[in-house]
Amino acid sequence: MTEKTATLEIIAPTIEEAIEKGLQNLGLPRESVDVEILDEGSKGLFGLRSRQARIRLRIKETGPLIEQATTKEKTDSHSEKESNAEVEDKTPTATSPDIQTSSENKVLLVAKETIDELLQKMNVNAEVSVHFGEMDDKSGTKPLLVDINGNDLSILIGKNAETLNAIQYIARLIISREIGKAIYLIVDVEGYRTRKEQQLQKIAARMAEEVIERGRSLALEPMPPNERRIIHIALKDHPKVYTESTGEGSHRKVVIYPK
Amino acid sequence: MQELIEYIARSLVDDPTQVRVSQQRSGDNVQIRLHVAQEDMGRVIGRNGRVANAMRVLLRVAAAHDGSRAVLDIAEPR
């Protein structure tokens, strides 16, 4: 077992939670690993500018017992993913005739191949799984969700999800072109976007309280469009506040107003 | 690195036969040059250089693997 496969990167709200999660994943006691802190994360003011903590666990001595444990873990999660994909494939949606199902399968296949190819050429070792998400009410299309799991998590996300967004953008262009129609693609690494979304929803709720209490508007930090969208949606039906975006380009931010 | 840019460019252009990628290394610095057909320039650059910039981000990851720094130049067609 090489040193590389004996490390695991974890992202969680705090360092403590990250360590705990990592040990659980590995099925190892605290004494068996070295913890390297890659990013301490920060709570930030009112949860603004908050970053999640990133750590790397390195297994100290890869004795035969430990090796077995990690290998088992890997095979387990692998087979789980495969069986999930199978279930997904065989479940036809209520409205779709066979033709649609087969074209959906083709999209899944093209998406998986494209992302695999990109990652391989980026020298990144990772597991890719693809499936369709819930139908989006507004656009009437099902988003294509791609999950990437592996050891090089940090590098795949990048600063402010820069790498993740680049993969998503390039992959969307390639896949759309390949299948001849525009697709709605979301690429996630180890649930990073999901956690980020929950984080933003919490911020939205907290800031809304603040606005009501003070009775005047508050501006959030500048955010990219997808993150502003999460804030807007989170407060869309709020009885006491409403939201608007102001500013241009990378300075564009959400302002929360009392109603 | 070269293969990454070649793969992305070939997948995005109308004329993949015109895609040429060269790679020049000096120490830790790698220069990648991408040539495409005149008509395909827009596809590999994108609006406001969005495609080119995304390729640069991914190239950086590929380069980080062996500790090098890579720059991507998109060559003007002759």
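Our structure is the block above this text.
Residues numbered from 1 in each chain as written. Chains lettered and ligands numbered in written order. Predicted model: local features only at pLDDT ≥ 70, side-chain atom pairs only at ≥ 80, totals over all residues. Heavy atoms only, no water.

**Q** It is not clear to me how the overall build of chain B should be interpreted in this structure. Could you clarify?
**A** A count of helical and extended segments in chain B gives three helices and three strands. The burial tally for chain B puts 44% of its 78 residues in the buried class. Summed over its atoms, the accessible surface of chain B is roughly 4300 Å², and 41% of this surface lies on carbon and sulfur atoms. (Helix = DSSP H or I, 4+ residues; strand = E, 2+ residues; numbered from the N terminus. Buried < 20%, exposed > 50% of the residue type's maximum accessible area, 1.4 Å probe, protein only. Areas by Shrake-Rupley, 256 points an atom, 1.4 Å probe, with all protein chains shown as cover.)

**Q** Even after reading the chapter, I still don't get the environment of A70 of chain B, so can you show me in this structure?
**A** Residues and elements named next belong to chain B. Position of A70 relative to the elements: it lies in strand 3 (residues 69-74). Linking A70 and R56, residues 14 residues apart in sequence, is a C-alpha distance of 8.2 Å. The contact partners of A70, leaving out residues within four places of it in the chain, are M1, V30, L59 and A63. (Contact = heavy atoms within 4.5 Å.)

**Q** What am I meant to see in the interface of chain A and chain B here?
**A** Many structure descriptions define interface size as the accessible area lost when the parts assemble. Listed per partner, the contact involves 19 residues of chain A and 20 residues of chain B. Interface of chain A and chain B: buried area, both sides summed, is about 1800 Å²; carbon and sulfur atoms make up 72% of it. When the area that chain A buries against chain B is broken down by residue, the three leading residues are K121, Y169 and R177 of chain A, summing to 32%. Applying the counting criterion to the chain A and chain B interface returns two salt bridges. Taken together, the connections running from chain A to chain B amount to six residue pairs in polar contact (both at pLDDT 80 or more). Listed by contribution, the elements that provide at least two residues to the side of chain A that touches chain B are helix 3 (98-121) and helix 5 (162-179) of chain A. (Buried area = accessible area lost by both parts, 1.4 Å probe. Salt bridge = Lys/Arg side-chain N within 4 Å of Asp/Glu carboxyl O. Polar contact = N/O pair within 3.5 Å; in protein donor to acceptor, adjacent residues only side chain to side chain.)

**Q** Sorry, what's going on with the packing of helix 1 (residues 2-12) of chain B against helix 3 (residues 50-64) of chain B here?
**A** A pair of packed helices is characterised by two quantities: the angle between their axes and the separation of those axes. All names here are of chain B. In contact at an axis separation of 10 Å, helix 1 and helix 3 are set at 150° when each is read in the N-to-C sense. Considering their axes alone, helix 1 and helix 3 lie roughly antiparallel with respect to each other. Like other packed secondary-structure pairs, helix 1 and helix 3 cross with a definite hand, here right-handed. Here L4, I5, I8 and L12 of helix 1 lie close against helix 3, whose contacting residues are V51, M55, L58, L59 and A62. (Axes fitted to C-alpha atoms, helices over the stretch in contact; angles between N-to-C directions. Parallel < 35°, antiparallel > 145°, perpendicular 65-115°, else oblique. Left-handed = near helix turned anticlockwise from the far one by under 90°.)

**Q** Would you explain the side chain of H238 of chain A in this entry?
**A** All names here are of chain A. For H238, the location among the structural elements is in the loop between helix 7 (225-234) and strand 8 (241-246). Taking the relative accessible area as the measure of exposure, H238 reaches 19% and is therefore buried. A polar side-chain atom of H238 sits 3.1 Å from the main-chain amide nitrogen of K240. In contact with H238, other than residues within four places in its own chain, are A208, I212 and K259.

**Q** Explanation requested: the pairing of strand 9 (residues 253-258) of chain A in the structure shown.
**A** Each regular strand displays side chains that alternate between the two surfaces of the sheet. Where strand 7 (residues 218-222) of chain A meets strand 9 of chain A, three bridges bridge the pair, whose relative direction is antiparallel. The residue bridging L218 of chain A from the neighbouring strand is I256 of chain A, located in strand 9 of chain A. (Pairing = 2+ DSSP bridges.)

**Q** In this structure, what is going on with unusual backbone geometry? I would like to understand it.
**A** Keep in mind that most residues, glycine aside, have a negative phi and that most peptide bonds are trans. You will see that N160 of chain A, though not glycine, has its phi angle at about 50°, which is positive. Residue placement: N160 of chain A occurs in the loop between helix 4 (153-157) and helix 5. When its relative accessible area of 72% is taken as the criterion, N160 of chain A is described as exposed. Here N48 of chain B, not a glycine, exhibits a phi torsion of approximately 55°, which is positive. Mapped onto the elements, N48 of chain B comes out in the loop between helix 2 (41-45) and helix 3.

**Q** Looking at this structure, how should I read the sheet that holds strand 6 (residues 185-189) of chain A?
**A** All names here are of chain A. As summarised here, the arrangement of the three strands in space is 4-5-6, forming an open sheet in which the pairing is mixed. The sheet terminates laterally at strand 4 (126-132) and strand 6, the two strands that pair on one side only. On average, each strand axis in the sheet is tilted by 20° relative to the strand beside it, whichever way the strands run. Note that strand 4 and strand 5 (residues 144-150) share seven bridges and pair antiparallel. Within strand 5, the residue paired with V130 across the bridge is V146.

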